[in-house]
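The chain contents come next:
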Amino acid sequence: MKTHLLILFLLIPVIVFAQDSQTNVKKTQPTIRQISLEIEKRNSFAGEVLASTRGFGLGIFYRKVYTQNLSANVNFSISSVKDDDEVTYYDYYGNSVSPGKINRFMLMPLLFGIEHRLFSEEIVGTFRPFINAGAGLTMIYSSPAQEEFFTSLKYGKMYYSFAGYIGAGAYFGNRQESLLGINVRFLFAPFNNGIESLEIPSNLVNQTKKKSMKEFGGLYITFSFGSNYD
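## Section: the overall build of the protein
Then comes step 1: Looking only at helices and strands, the protein features 3 helices and 12 strands.
Then comes step 2: Out of the 230 residues belonging to the protein, those deemed buried represent 35%.
Then comes step 3: In the protein, once contacts between residues fewer than 6 apart in sequence are set aside, the share between residues at least 24 apart is 64%.
Then comes step 4: Here the protein displays about 14500 Å² of accessible surface, and carbon together with sulfur accounts for 64% of that area.

Shown next as structure tokens:
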């Protein structure tokens, strides 16, 4: 019994020293989240590819990080927009025909938004989800569909309205240099006066009526490719 007590007495300083050493290592070693914050760049610039049920487009994107969870951004894009009732047919040579189409539309919104990062305490590193919202000015360029595309541009007319969006998305990869993200957003782009889009059959026999578009937004999927810098 005395031998066991002596061994225990001799081991106590060793155990205490080992625990103190382990505690000091934990205190001085930075966490994964701290490492991520140290290498984070504060500015981002990227190109965007947009896809929606109404058309496709391209854009540019600037983002400014203010805190771990909050950032602001501004983006400008140009995308084609068509009426939901528009039907396009293609011939053997790939030429397209849209019966009754009156005007082509290009949507050009300039939007200012904010992003709030989600689950920053639980998820770190290469996957950074967020929600976002924004508003701004939108321009709608309308050109006659009867003319060839580039020729029709000189006969077009510009309209102005307001726009806004809400969405959610995520950034992927190393935040130190590259920016790679996806954003699913619903864009509101109303034009209350409407712009003529299609000539459709009316209730009267052998007669048609003109339909106007009053909403140019919709559901968009946006892919961002760019870089980060200080």
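## Section: the side chain of Ser197
Then comes step 1: Tracing the sequence through the fold places Ser197 in strand 10 (residues 190-201).
Then comes step 2: Owing to a relative accessible area of 2%, Ser197 belongs among the buried residues under this scheme.
Then comes step 3: Within the local environment of Ser197, its side chain forms a polar contact with the side chain of Asp83, the two groups lying 2.8 Å apart.
Then comes step 4: Here Ser197 is in contact with Asp83, Gly100, Lys101, Ile102, Asn103, Phe105, Lys211, Ser212 and Met213, once residues within four sequence places are set aside.

## What about the nonpolar core?
Then comes step 1: One finds Val81, Phe105, Leu107, Ile140, Leu187, Ile195 and Phe216 to be the most contacted residues of the largest nonpolar core, which totals 16 residues.
Then comes step 2: Of all elements in the fold, only strand 6 (103-117), strand 8 (157-172) and strand 10 reach the threshold of two or more residues within this core.
Then comes step 3: Discounting chain neighbours no more than four positions away, the residues touching Phe105 are Ser79, Ser80, Val81, Ile140, Tyr141, Ser142, Ile195, Glu196, Ser197, Met213 and Phe216.
Then comes step 4: Ala46, Phe61, Phe130 and Leu179 belong to the second largest nonpolar core, which has 5 residues in total.

## What about the sheet that holds strand 3 (residues 70-81)?
Then comes step 1: Taken in spatial order, the 8 strands of this closed barrel run 1-2-3-6-7-8-9-12, and their pairing is antiparallel. Sheet twist, expressed as the mean angle between neighbouring strand axes with direction ignored, is 25°.
Then comes step 2: One ladder, built from 9 bridges, connects strand 2 (residues 55-65) with strand 3; its direction is antiparallel. By the bridge assignment, Phe61 is partnered in strand 3 with Asn75.

## A look at the pattern of salt bridges
Then comes step 1: Using the criterion set out here, one finds 6 salt bridges in the structure.
Then comes step 2: For the salt bridge of Lys210 with Glu196, the shortest nitrogen-to-oxygen distance reads 3.9 Å. With a gap of 14 residues between them, Lys210 in strand 11 (residues 208-215) and Glu196 in strand 10 connect regions that are remote in the sequence.
Then comes step 3: Glu196 sits in the partly exposed class, given a relative accessible area of 34%.
Then comes step 4: Taken together, the salt bridges that share partners define one network made up of Asp83, Asp85 and Lys211.

Here is what the cut-offs are and how they apply
Residues numbered from 1 in each chain as written. Predicted model: local features only at pLDDT ≥ 70, side-chain atom pairs only at ≥ 80, totals over all residues. Heavy atoms only, no water. Helix = DSSP H or I, 4+ residues; strand = E, 2+ residues; numbered from the N terminus. Buried < 20%, exposed > 50% of the residue type's maximum accessible area, 1.4 Å probe, protein only. Contact = heavy atoms within 4.5 Å. Areas by Shrake-Rupley, 256 points an atom, 1.4 Å probe, with all protein chains shown as cover. Polar contact = N/O pair within 3.5 Å; in protein donor to acceptor, adjacent residues only side chain to side chain. Core = buried A, V, L, I, M, F, W, Y, C linked by side-chain atoms within 4.5 Å. Pairing = 2+ DSSP bridges. Axes fitted to C-alpha atoms, helices over the stretch in contact; angles between N-to-C directions. Salt bridge = Lys/Arg side-chain N within 4 Å of Asp/Glu carboxyl O.

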